[in-house]
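Residue-level structural notes
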Amino acid sequence: MSRRTTVRRRPSRAPDLVDLGQRFQALSDPTRTRIVEMLAATGERCVCELADELEMPQPLLSFHLRTLRESGLIRGRRNGRWTHYALDPRTLEEAGQALARVAATQRDAEARRQGCC
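Residues numbered from 1 in each chain as written. Predicted model: local features only at pLDDT ≥ 70, side-chain atom pairs only at ≥ 80, totals over all residues. Heavy atoms only, no water.

**Side note on the pairing of strand β2 (residues 74–79)**
Direction of pairing for β2 relative to strand β3 (residues 82–87): antiparallel, over a ladder of six bridges. Residue pairing in the sheet places Ile 74 in a bridge with Leu 87 of β3. Adjacent in sequence and paired antiparallel, β2 and β3 are bridged by two residues, among which Gly 80 carries a positive phi angle near 70 degrees. (Pairing = 2+ DSSP bridges. Helix = DSSP H or I, 4+ residues; strand = E, 2+ residues; numbered from the N terminus.)

Okay, structure coming up:
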């Protein structure tokens, strides 16, 4: 039996490695990456619009949306019987900053490296 872990929101501090790992794991699936790209291009979307555009049954789409929501990458807003989804810009910025730090560390390491052979 698999266990699910949900992201704990920490508004006043940077995400820890568990949070970042969960976000990048959520993006590792091509369908979820496509959903994120769609939301980035068009802003908030109704779940019915996403299902139609992805040509995906709503239960499967709901699974992907739940994974993205639990990772903190998207947020949902109820409007009547439908939920509208949008990207969470703060979470995306945090993930981008984490990747930028890794890239900067790698550049610094390359600049300091002196050939060993």
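Picking up where we left off.
**Remarks on the nonpolar core**
By size, the foremost hydrophobic cluster in this structure holds 17 residues, and its most contacted members are Ile 35, Leu 39, Leu 61, Leu 65, Leu 68 and Ile 74. Those elements that provide at least two residues to this core are α2 (30–42), α3 (47–54), α4 (58–71) and β3. Excluding anything up to four places from it in sequence, Ile 74 contacts Leu 39, Leu 65, Leu 68, Arg 69, Tyr 85, Ala 86, Leu 87 and Asp 88. (Core = buried A, V, L, I, M, F, W, Y, C linked by side-chain atoms within 4.5 Å. Buried < 20%, exposed > 50% of the residue type's maximum accessible area, 1.4 Å probe, protein only. Contact = heavy atoms within 4.5 Å.)

**Side note on the sheet that holds β2**
Spatial strand order, β1-β3-β2: three strands in an open sheet with antiparallel pairing. Whereas interior strands pair on both sides, the edge strands pair on one side only; in this sheet they are β1 (45–46) and β2. With two bridges connecting them, β1 and β3 associate as antiparallel partners. Within the sheet, the bridge partner assigned to Arg 45 lies in β3 and is Tyr 85.

**Some thoughts on the packing of helix α1 (residues 17–27) against helix α5 (residues 89–112)**
As a packed pair, α1 and α5 sit with axes 11 Å apart at the nearest point and diverge in direction by 100 degrees. As judged from the angle between their axes, α1 and α5 are roughly perpendicular. Seen from α1, the contacting residues are Leu 20, Arg 23 and Phe 24; seen from α5, they are Thr 91, Glu 94, Ala 95, Ala 98 and Leu 99. Across the contact of α1 with α5, the residue classes break down as five nonpolar, one polar and two charged. (Axes fitted to C-alpha atoms, helices over the stretch in contact; angles between N-to-C directions. Parallel < 35°, antiparallel > 145°, perpendicular 65-115°, else oblique. Nonpolar A, V, L, I, M, F, W, Y, C, P; charged D, E, K, R; others polar.)

**Things to note about the environment of Gln 22**
By the secondary structure assignment, Gln 22 is in helix α1. By relative accessible area, Gln 22 is classed as buried at 16%. Taking the C-alpha atoms as reference points, Gln 22 and Glu 70, 48 residues apart in sequence, are found 8.6 Å from one another.

**Looking at the side chain of Asp 88**
For Asp 88, the location among the structural elements is in the loop between β3 and α5. Since its relative accessible area comes to 9%, Asp 88 is described here as buried.

**Observations regarding the environment of Leu 20**
Examined against the element boundaries, Leu 20 turns out to sit in helix α1. In this structure the C-alpha to C-alpha distance between Leu 20 and Ala 98, which are 78 residues apart in sequence, comes to 8.0 Å.

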